[in-house]
Amino acid sequence: MREAAVVSQPNPLQRIPGVAIVLVLLIALFSAIAPGFLSVANLSNVLVQSTILTMLALPMTLIIMTEGLDLSMGAVLTLTSLCVAIVSLATKSMLLGLGAGLLVGAAFGFANGWLVAIVGIPPFVATLGTLGMAQGLSLIVSDGQSVVGIPHSVRDIYSATLLGVPVPIVMALVTYAAFHGLLYHTRFGTYIFALGGNREALRYAGLSPNKLLIAVYAIGGAMAGIAGLLMTARMNSGHPTAGLGLEFDAIAAVAVGGTSFERGNGWLLGTLLGVIAVGVLRNGLNLISMPSSVQVASVGVLVIVALFLDGLRSRA
């Protein structure tokens, strides 16, 4: 267990260059070709729009550190967003809507962890199946239509400020602080490193890797519930396809940030930089009126370029 704790604090110099170089290049590029990119209003917009992805990428980091994957996160986000919209509309209560989203998200996360840890289904296959289930349920509960008329208590979350800082950014910062404390300053965080790096050590210590793995996936599902609240507030409605594809951006942000898909090696600050890089890329492409298909392809190129730079640095 002591060995796992040692690798939990990676040397930033080994991780920052790849994603940082790409981020600086993106900012320089869009500053030159996209009018208004460097305006305070637009940069604030980039950060606000990146908050939902932050809510997904942070737990995705923990999942990938266990040598796992969650392809269902975007679809679960869609379902939780609909739950928030439907329940808050029926009860006029934002807290009850959030509770419904958290419950549904955690249930899907628990199911993913149970399928992977107990049933033994590979994470790719298990979460691909729950992706289909969540997407189907989203269409069923909404009848394929947007849920509109949500109360102001939900809608105002996305536009409200706290001491001059947009509430979504405050929520993202609090979430990052919570995950940083969980991963680097608790025993549970040490166990997460061991799940990917040395699972046998957990068994020798009398711990259950399966229960820990289920907990990690459940955390991811619950975070999709919180992100569902922000998605509903952002769109001023619940939509049956709102979050589809965001799992790709979350995985891309984690990969760009330097988290390894094996050996339990991850870095949350790198993930945050990866989220900002993806946000800058999508925002810049929007400003120059690039279609969404080009944006998806560009995120793939971003991942390849960042990992290529990391590979060059490692060989050097």
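Rules and cut-offs
Residues numbered from 1 in each chain as written. Predicted model: local features only at pLDDT ≥ 70, side-chain atom pairs only at ≥ 80, totals over all residues. Heavy atoms only, no water. Helix = DSSP H or I, 4+ residues; strand = E, 2+ residues; numbered from the N terminus. Rg over C-alpha atoms; globule rule 2.2 N^0.38 Å. Buried < 20%, exposed > 50% of the residue type's maximum accessible area, 1.4 Å probe, protein only. Contact = heavy atoms within 4.5 Å. Salt bridge = Lys/Arg side-chain N within 4 Å of Asp/Glu carboxyl O. UniProt positions renumbered as here; feature names shortened; annotations may be inferred. Core = buried A, V, L, I, M, F, W, Y, C linked by side-chain atoms within 4.5 Å. Expected span 1.5 Å × (residues − 1). Polar contact = N/O pair within 3.5 Å; in protein donor to acceptor, adjacent residues only side chain to side chain. Axes fitted to C-alpha atoms, helices over the stretch in contact; angles between N-to-C directions. Parallel < 35°, antiparallel > 145°, perpendicular 65-115°, else oblique. Nonpolar A, V, L, I, M, F, W, Y, C, P; charged D, E, K, R; others polar. Patch = residues over 30% accessible without salt bridge, like charges linked within 9 Å, V, L, I, M, F, W, Y side chains within 5 Å. Areas by Shrake-Rupley, 256 points an atom, 1.4 Å probe, with all protein chains shown as cover.

A.B. asks: Mind showing me how you'd approach the overall build of the chain here?
C.D. replies: Counting secondary structure elements, the chain contains 15 helices and two strands. The C-alpha radius of gyration of the chain comes to 19 Å, within 12% of the 20 Å expected for a compact globule of 316 residues. Structurally, the chain occupies a C-alpha span of about 55 × 45 × 35 Å along its principal axes. Counting only residues that meet the buried cut, the chain has 50% of its 316 residues in that class. Restricting the contact set of the chain to residue pairs at least 6 apart, pairs at least 24 apart contribute 79%.

A.B. asks: Is there a simple way to think about the pattern of salt bridges in this case?
C.D. replies: Side-chain pairs of opposite charge can arise where the charged atoms are in close proximity. Within this structure, the stated rule accounts for one salt bridge. Notably, a salt bridge pairs R282 with D249, separated by 2.8 Å at the nearest N-O pair. Here R282, found in helix α14 (residues 268–287), pairs with D249, found in helix α13 (residues 246–256); they are 33 residues apart in sequence, far enough to count as distant.

A.B. asks: In this structure, what is going on with the UniProt feature "transmembrane region" (unreviewed entry) in the chain? I would like to understand it.
C.D. replies: Sequence positions flagged by UniProt for "transmembrane region" (unreviewed entry) are, in local numbering, residues 16–34, 46–65, 71–90, 95–115, 162–183, 212–231 and 294–312. Structurally, residues 95–115 is divided into 100% helix and 0% strand, and its ends, taken at the C-alpha atoms, are 30 Å apart.

A.B. asks: Would you mind showing me how to read unusual backbone geometry here?
C.D. replies: Residues other than glycine predominantly adopt negative phi, and peptide bonds predominantly adopt the trans conformation. Residues other than glycine seldom take positive phi values, yet E67 does so here, at roughly 65°. In this structure, E67 sits in the loop between α4 (51–65) and α5 (73–91). Under the relative-accessibility criterion, E67 is labelled partly exposed at 41%. Its identity as a non-glycine residue notwithstanding, S289 has a phi of 65°, on the positive side. The residue S289 is located in the loop between α14 and α15 (292–315) in this model.

A.B. asks: Where do I start with the nonpolar core in this structure?
C.D. replies: Nonpolar side chains in soluble globular proteins generally cluster together in the buried interior. The biggest cluster of nonpolar side chains holds 90 residues, and the ones touching the most others in it are F30, L56, L183 and L302. The element best represented in this core is helix α12 (residues 209–235), accounting for twelve residues. Discounting chain neighbours no more than four positions away, the residues touching F30 are F37, V280, L281, G284, L285 and I288.

A.B. asks: Explanation requested: helix α6 (residues 94–119) in the structure shown.
C.D. replies: Each full turn of the α-helix corresponds to 3.6 residues, which orients residues three or four apart in the same direction. For α6, spanning 26 residues, the distance from its first C-alpha to its last is 36 Å, which sits close to the expected 38 Å at 1.5 Å a residue. Taken residue by residue, α6 has G97, L98, A100, G101, G105, F108, G109, N112, G113, L115, V116 and A117 as its buried positions. At the N-terminal end of α6, a side-chain oxygen is found 3.5 Å from the backbone nitrogen of L95, two or three residues along, and the residue is S93. Of the residues one or two after α6, G120 is the one with positive phi, at around 90°.

A.B. asks: Before we go on, may I ask you to explain the side chain of T259 in this structure?
C.D. replies: Residue placement: T259 occurs in the loop between α13 and α14. A residue is classified by how much of its surface remains accessible, and T259, at 4% relative accessible area, is buried. From its side chain, T259 meets the backbone nitrogen of W267 in a polar contact 3.3 Å long. When neighbours within four sequence positions are excluded, T259 is seen to be in contact with T61, I64, M65, V254, N265, G266, W267 and T271.

A.B. asks: Just checking my understanding: could you explain α5 for this structure?
C.D. replies: Along its 19 residues, α5 runs 26 Å from first to last C-alpha, staying within 8% of the 27 Å computed at 1.5 Å per residue. The buried fraction of α5 is high, at 14 of 19 residues. Immediately beyond the C-terminal end of α5, within one or two residues, lies K92, with a positive phi of roughly 60°.

A.B. asks: Explain the packing of helix α9 (residues 167–184) against α14 here, please?
C.D. replies: Any two packed helices are characterised by the angle at which their axes cross and by the distance between the axes. The interhelical angle for the contact between α9 and α14, taken along N-to-C directions, is 150°, at an axis separation of 10 Å. Between α9 and α14, the crossing angle belongs to the class labelled roughly antiparallel. Here α9 contributes Y176, F179, H180, L183 and Y184 to the contact with α14, which in turn contributes L268, L269 and L272. Counted by class, the contact of α9 with α14 contains seven nonpolar, one polar and no charged residues.

A.B. asks: Can you walk me through a nonpolar patch on the surface in this structure?
C.D. replies: The grouping of I86, L137, I140 and V141 at the surface amounts to a nonpolar patch, some 330 Å² of accessible area in total. With three residues, helix α7 (residues 123–142) is the single largest residue contributor to the nonpolar patch. Among the structural elements, I140 can be located in helix α7. For I140, a relative accessible area of 63% translates into the label exposed.

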